[in-house]
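Topology and contacts: notes
Each chain, written out:
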Amino acid sequence: MEPNPPVQIAVYQVSSESLSLRWDAPAGEVESYIVTCCHEGDILRESTDTNKLTLSNLKPGVCYSLLVSTQLRNGRISEPAVTSARTKTHLDSLMEDLGLQQLYPEKLSLSTILQIDKKTITDEPAKCNSDLPWYFLKKLMMVNVTARNVKRTSACESSCNDPLLNLDNLVKCTNSGDTLNPLDIITALFLCSDGFVRQELALKMSMCQFSVPLLLPNCDTKQCTLMLWAMRDIVKKYRPQSLTESKGFIEDRIVLSELPMISFVRLGECSLSKSEILNKLLSNSQQYHDTLVHHDMECGDSPRRISNGLVEITWYLPCGNKNMDVFSEPVAVANLRGDIASFETQFSFLCQTSAAVFVFFDTLDSACELLTNQHHKAQIFLVGNHQSNRFGIDALHKIATKLGLTNSNILLKTKQMNDADFVKTLRKTVSNVVENTKMKMRIEQMADIAHKLGIWVDEESSECQTAKKNADAITAEIQDILQYKEAQLPLQGQIWKELTRLEKEEFRLRNVGSENIEDYKSDLQIQKTELRKEQNSHDISNAMTCFINAISSPEMERCYFLKWMRMNLDNVSREKLSDLRERYKEKCKNPENKEEIKDIDRQLSNSSLGTEHFFREMGQIYEASLSLPERDPSREQLQHLPKLCAQLLLDGFPLELVDGEASNIPLRWVSDVLSQLNELMSPKNKILVVTVLGVQSTGKSTLLNTMFGVQFAVSSGRCTRGAFMLLIRIDEDVKKVLKCDFMVIIDTEGLKSPELAQLDNSHEHDNELATLVVGLSDVTIINIAMENSTEMKDILQIVVHAFLRMKEVGKKPKCQFVHQNVSDVSAHEKNLRDRKLLLQQLNEMTQAAAKMERKEENKSFTDVMEYSPDTGNCYIPGLWNGNPPMAPVNAGYSEAVYELKKNIIQILGSCESSANVLELTEWMKSLWNAVKHENFIFSFRNSLVADVYMKLCTEFNKWEWEFKKEMYTWVTNAETRIYNFGTVAVKSEISDMSEYLTHLKSEARTVLSEWETKLLGNLAQYFKQTEGHVYLVEGYKEDFASSAKSLRREMESSVFNQLTVAADIRKGMTELDRIKENHTKELEGRVRALIERCREKKVIMADEELDIEFDKMWKKTADELSFSKQKTINVITCVSFCLRCNLSRKGGHAWELLNQKMLQDCGLVSFKYTADGFYKQFKHKVSQFFKIEDHIMALQNLADCIIASCTQFMTERMEKKTNYHDTYIQEILHMIDERLQNQSVPIEIEFEVPLKQHICGIAARHFQKMHENFIHANDPSTCLNQNKGKFRTDFKDVFHERDQCQKKAEEFTYRCLKPAVEDFVSRSLGPDIIGEMLTNQKFSTRMFFQYSVLLDLLRQDDFEHYRSYICSYEEYVKKWILNQIVERFSNGSKTFEFEGRHVQSSIRSINDAVNKAKTEKSGNLKSFVKNVCRELGDKLVISQDALGAFMILNNADQEQFAHWLTECVKDMAQVLQEKFKETNIQTKLKKLNVNPQNELFTKLIGCGKQCPFCGAPCEAGGQEHSEHFASLHRPQALGRYRFSLSQKLVTDICSSLVITPDRTFQCDATNWEIHHYKHYRDIFPDWKIPPDGSLQASDCWKYVLATFNKKFAKAFNAKTADIPATWKMITREQAEESLQESFNIK
């Protein structure tokens, strides 16, 4: 039987040198398996008795055939089962070990490296090989010199620390075997990185003084690449010996520097450590540094797997100090890893590019051809170790002769030489070569040699070359930078600076002088328009056309282009800028050289040219195009620019926020770029902002670059100007911690010392910049230097000022103070005194800033923000470890910055809320608009804050209405119980009305307290939420809490008043009800007696006869009954008493005035207020002559308004037809007092007393009539006669013994229940209508209400409406609200719904009451009806007159009555529905208990205060706000202001006047003394009148005045205003847009 081959062969583990196989055993007994592995004749055969085997010592990257046969015990062998597998290459194998296989080749991008993930903010060591590259990158990006220490933690480390003696373990631990050589990791990362990451790696390695790859090998393809592009960004600054005297220096890109290169290579095995010797060669005696990785470094002894063939390069650059410099001239040093026998191409390259090649060797036996065949441009030096066993002097002599070498070309380390002596000799040899060689070459030139040798050059990709060509086309034209900027970038020069000046002047009005403000602003706008026209007159320059085209190219090409541009521009301007920068630094040390410093600063600005200038020009081109018509082709073709820039921002390029040269933000450009960025990102993406602030030239940009690895695009050789922002992605695992998707980093120019600031007047600029960036940031890093106390104080003042401003506008950024150049390890402890000093300085600065901002309540820095001296400070040592240019970055610096980074991330994680891009844009706009004003805090307007405030108002209004609605319902119920008190419907066991009233008031207090607690709880909960930026309105929390408490007090007073009135009226009715009841009973007895008499006649009596008998009985009874006439009270006496009580606290003069006129004589003619005293009369006459509204006229207008409101109140009370109560007059007096208190004009007692007398006189007459009507309506005699017909009918029915069930049920339904149900609906409908109106956004908040009223006015565009709104604001608004209600409910469907709901509710209650009464054993129908009424006592008020009349002569059957009653109630519902349908909304509104119009008016009119200058109504939420404000102020002409001499209406607007330096006002509040508008808050401290948030904010009222100028002049008896030219251009559409902007309506 033939043996079966194995089945299911699988290769399960593959490396570069081994394969592992496994298979399933076949059927039968198997002795063993024979495995054959073959490739091109090489055969490897092995046997195994298991079903798996690992084949070792294979070749990498080879495909092997694998055959597995079964061998039985009898020796027979099966047919083989066949498969194949390829071993991995060394590169594949290493990439897999490092976890980089997905990134090879060139897929690792900068955004991946820079994104913030857990690895970047945790200290976890590398646990496996795949952690190593990221560990290296993390350290390198933070410029940490320990980055190459890449050993991972292993299990054996713990056993090495074993306290027991176990030598076997120690031996195992000493060689873990699986460590990776740092050079392999570096090579792998370079192979995986794209060009931009390579540049970043090379730059950071260079800063750490690590050697950088020059030729990067690929061990698989045997191809190497010249790293020209990777090194392009390295700029070095040094001072050769030749410039020592002049103190000059050279600064250049290293690839463009012509330097001699000395190369070091190895031939065969070498016992000398070439790399270690090179490190010693390059280090001076004071400062050793491992520039190259060597055998004795951590993991340096691990076998190299892919880095053999790597050529590294480093540079020695002198500092100009003979005692310290190793070489007096700069030199490049190259080092080839591996044996030159294996890497001939690299060796050839070095021989052709180097000044000298030093060949390290032990033996030269076979090397003759390799050394002699090269085309040497370089001198060859042979470096041998004479101490080596393999060293052969003969071979050395032979080759030296062949190469023509002398003793000077041969260096031997003999037994007598130690390392130091050998290095000294080597150094001398190298120095000789460097000083004498003519062979100098730029790395850029080496590309040609590389091409000849078949070496690739990394910048030869098509994208890179196209980008270079585009960049060169632009920069090749540059000869003189200043002339180039003027010719190619004309829009950002003087025009932009002039636009900036005009823009700021529009806000500050410093030079307005005596000119009319609005004319002046209009002229400024015209000048701006002209400048924009001038900008548009320039064609887009060739440079800008090329630039825009280039950045429109695909992503990679665009990135290359911008990098080429930046490098080219730096190269162009470096030479001049570097020198200027040094001179500037020198001169700044002595600020007395003011003119020189100023001149150098101007030259710096003129000579600098970077990519930011091209983007700035792009922004100006875009902004200028927006002034063109919308459909203009020139405008349309530029609309894509913001999106281009947004994409660049997303790709990691910075965006210039503040143009440092013009000190301005191109707001529209930046806003549109950020808006496009928002569209490119998910709109839900959140961002957090980190900013750095501090003195100039203190390494702020370096700090950010080290911390986050970012490079801000500023020209080389000078500091950052303005502010730049840059985006960093947040990795998924950190998003949850930070609650954001991106971090925004903002780098700013340094704040200047006071001496320097004076030169260019940059105090303002520094304050503006600090305020802006602090306002934008969540965390602000403040870079300070403790050593310069004076300078620190001035900088701190700017910073503290910015923080104070933020606190006052609701933003709460956190801060971190950074102290740089602190070297001591115990700095934190030793600087305790300094920290205390800093806090003391901060407190002083806070007090100074608070005084300037008029916010003196801030006494210490901790009042302004959360700050702890212990945790809020970070100490960072100096950047360099030694003397540049050869000093590496200090490891302590990197570690301290890393700790700072972790701390900042932690602070960001605790931030209350993150914003999205659009919210950041809004902050930027509002902050910048506010900093343009001199008074920031009162100028600040932020749409985000307004939005959050609006939301808070909306929520509070909802809670407030829920509270009020609940109390309306409760009061309705309580009044029902009061009106039913003492009747059959009462349920209470309390018999005394006073006691019952006390009980109800106690119940009311409980309900009110519960709702107050609920309201305050809702408010507290609202401010606890993390979403929605509620922290921005934290300052209003107390105002709203006070409003809640005030609302409770108001509601309590209102509820108690209503309960008292109801109780007093009920008390008054009790006696009447008793009289009526007695009369009814007497009549019932007489009627029953008459029936008996008629029946005794025993004759059939016709109805006519019965009528005659009934009339006789009625007359006789009416004559006999005693109808005592009801007494009427003298209402005038009551009103007079209330008035005297009200004025009792006003002093003796008030009583004198009161006694001058009887109340009954008051209010008979219209009220006219006249001035007393000669001076007042004279002043009034003068005012009348000049047609100025004076104090007398203002008071007369006020009186007219108050009289109209009080008259409306009287009318509403009279329509209810109730009895008079003193609370009515008390309410009127309270209304008058409230209105008088809310006025800005002083109220004299000579005005107050006559006004109150006048209104009370009218009220007394109205209420007297109402009282008399009530008495007449409730007269017992009248009531009795009203029921005569009903008694007659009942008399006949009883006499004839007719069935009364159906009839009585109808009577009870329609005479008792129907009026009660109608009354219930009427009392319930008011709150329903209010609630429905409040669902409309127009009524959601006061601000939205104002916006809606004004928008409606604009759309009607009717002069009379405008006039009515301005002159009779309250009356107009009340009418407007009524019209809105009527419009909303005119179709009836909603009111039917409410009425139907209440009717059905009543029907259910009635049916429930009937059913319950049925179950109770009632002796008769009267008891049954009483039970029904008792059940309905809490809901319906049943008329006692109707019920009493129903009860008499009733012989109906209870069950039948109940049946018919249920039927009648159904019919009643139908009848009511029909009635409601036929009644219009106006009629219904008159009958309502709660007047929706008044309630909405009270709710939306708020405090009722109006701007003291223009009359704009206050819009602040809540009733108890501490500050009044209006979104939109209006020209003073609309407040009847005119110039006293010309009589022309005034166009000035108070929101502009408050920022003018010298404009004044005088009024009653100032006692007619002149006062500056700028300090208006001294007179009106509770009003906040910020300048317009935008210059278009008041366009609405400007349009109105410009349109109806003549009509207003006529109406106000004045001459027409001089309308500024720009006002006449405003269209109605623009006016509507300005409304939206002012009220922040989106």
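Cut-offs applied
- Residues numbered from 1 in each chain as written.
- Predicted model: local features only at pLDDT ≥ 70, side-chain atom pairs only at ≥ 80, totals over all residues.
- Heavy atoms only, no water.
- Pairing = 2+ DSSP bridges.
- Helix = DSSP H or I, 4+ residues; strand = E, 2+ residues; numbered from the N terminus.
- Axes fitted to C-alpha atoms, helices over the stretch in contact; angles between N-to-C directions.
- Contact = heavy atoms within 4.5 Å.
- Buried < 20%, exposed > 50% of the residue type's maximum accessible area, 1.4 Å probe, protein only.
- Parallel < 35°, antiparallel > 145°, perpendicular 65-115°, else oblique.
- Nonpolar A, V, L, I, M, F, W, Y, C, P; charged D, E, K, R; others polar.
- Salt bridge = Lys/Arg side-chain N within 4 Å of Asp/Glu carboxyl O.
- pLDDT = per-residue confidence, 0-100.
- Phe/Tyr/Trp six-rings, centres within 6.5 Å; stacked < 30°, edge-to-face > 60°.
- Lys NZ or Arg CZ within 6 Å of the ring centre and 35° of its normal.

1. Notes on the sheet that holds strand β19 (residues 655-658)
Adjacent strands of a sheet form backbone hydrogen bonds with each other and so pair up, either parallel or antiparallel. Read from one edge to the other, the open sheet built from seven strands follows the order β19-β21-β22-β20-β23-β24-β25, with strand pairing classed as mixed. Because the sheet does not close on itself, it has two edges, and the strands there are β19 and β25 (873-876). The mean angle between the axes of side-by-side strands here comes to 25°, regardless of whether they run parallel or antiparallel. The pairing of strand β23 (residues 779-784) with strand β24 (residues 814-820) spans six bridges and is classified as parallel. Bridge pairing in β24 links I784 to H819. Along the sheet, helix α26 (residues 667-680) makes contact with β19 and β21 (723-729), crossing β19 at roughly 135°.

2. With respect to the pairing of strand β17 (residues 410-413)
On β17, burial follows the alternation: L411 and K413 on one face are buried, whereas I410 and L412 on the facing-out side are not. Bridging between strand β16 (residues 379-385) and β17 involves four bridges; their strand directions are parallel. Paired with G384 across the two strands is L412, which belongs to β17.

3. Section: the packing of helix α23 (residues 611-625) against α26
Contact geometry for α23 and α26: axes closest at 8 Å, N-to-C directions at 100°. Comparing the axis directions of α23 and α26 gives the class roughly perpendicular. The residues of α26 that touch α23, namely those facing F615, M618, G619, Y622 and E623, are L667, R668, W669 and D672. Of the residues contributing to the contact of α23 with α26, the split by class is five nonpolar, one polar and three charged.

4. A word on the pattern of salt bridges
For the coordinates displayed, the defined rule picks out 67 salt bridges. Between E258 and R442 there is a salt bridge, and its shortest N-O distance comes to 3.8 Å. With E258 in the loop between β11 (250-253) and β12 (261-267) and R442 in the loop between α14 (419-436) and α15 (446-452), the pair connects residues that are 184 residues apart, well separated along the chain. For E258, a relative accessible area of 44% translates into the label partly exposed. In this structure, the salt-bridge partner of D659 is R616, at a minimum N-O distance of 3.4 Å. Linking D659 in the loop between β19 and α26 with R616 in helix α23, this pair joins segments that are 43 residues apart in sequence.

5. Examining the environment of M1051
Within the secondary structure, M1051 is located in helix α40 (residues 1037-1096). For M1051, a relative accessible area of 8% puts it in the buried group. A sequence separation of 47 residues divides M1051 from A1004, and the C-alpha atoms of the two residues are 9.8 Å apart. If sequence neighbours within four positions are ignored, M1051 has contacts with F963, K964, M967 and L1008.

6. Some words on the pairing of strand β1 (residues 7-14)
Here β1 pairs with strand β2 (residues 19-24) via five bridges, running antiparallel. Counted as the bridge partner of V14 is L19 from β2. Count of turn residues in the β1/β2 antiparallel hairpin: four residues.

7. Brief notes about the sheet that holds strand β7 (residues 81-86)
Overall, antiparallel pairing links the four strands, which are arranged β4-β3-β6-β7 in an open sheet. With partners counted over all chains shown, the strands left at the sheet margins are β4 (42-48) and β7, one partner each. Ignoring strand direction, the axes of neighbouring strands in this sheet form an average angle of 20°. Pairing analysis gives six bridges linking strand β6 (residues 63-71) to β7, with the strands arranged antiparallel. Bridging across to β7, L67 finds its partner in V82.

8. Considering the confidence of the model for the chain
Of all residues in the chain, 87% attain a pLDDT of 70 or more, and the chain-wide mean is 83. Contacts of residues 1173-1189 to residues separated by more than four positions or lying in other chains number 25 contacts, the stretch itself having pLDDT below 50.

9. Quick notes on the packing of aromatic side chains
This model, assessed by the stated rule, comprises 50 aromatic pairs. Relative to W229, the ring of F196 lies with its centre 6.1 Å away and its plane at 90°, an arrangement referred to as edge-to-face. Here W229 lies in helix α9 (residues 228-231) and F196 lies in helix α8 (residues 195-207), a separation of 33 residues in the sequence. Each member of the pair, F196 as well as W229, is classed as buried. Residues F1509 and F1561 carry aromatic rings whose centres are separated by 4.9 Å and whose planes lie at 80° to one another, so their mutual orientation is edge-to-face. On the criterion of sequence distance, the pair formed by F1509 in the loop between α59 (1492-1501) and β26 (1524-1525) and F1561 in strand β27 (residues 1560-1561) is long-range, its members being 52 residues apart. The exposure class assigned to F1561 is buried, which follows from its relative accessible area of 6%. Here the aromatic cluster, defined as three or more aromatic residues joined through ring pairs, consists of F1359, Y1362, Y1365, Y1369, Y1372, W1597, F1604, F1608 and F1612. Sitting above the plane of the F210 ring, R148 keeps its charged end 3.8 Å from the centroid. The lysine or arginine in question, K1001, covers the ring of F1056, its NZ or CZ lying 5.4 Å from the ring centre.

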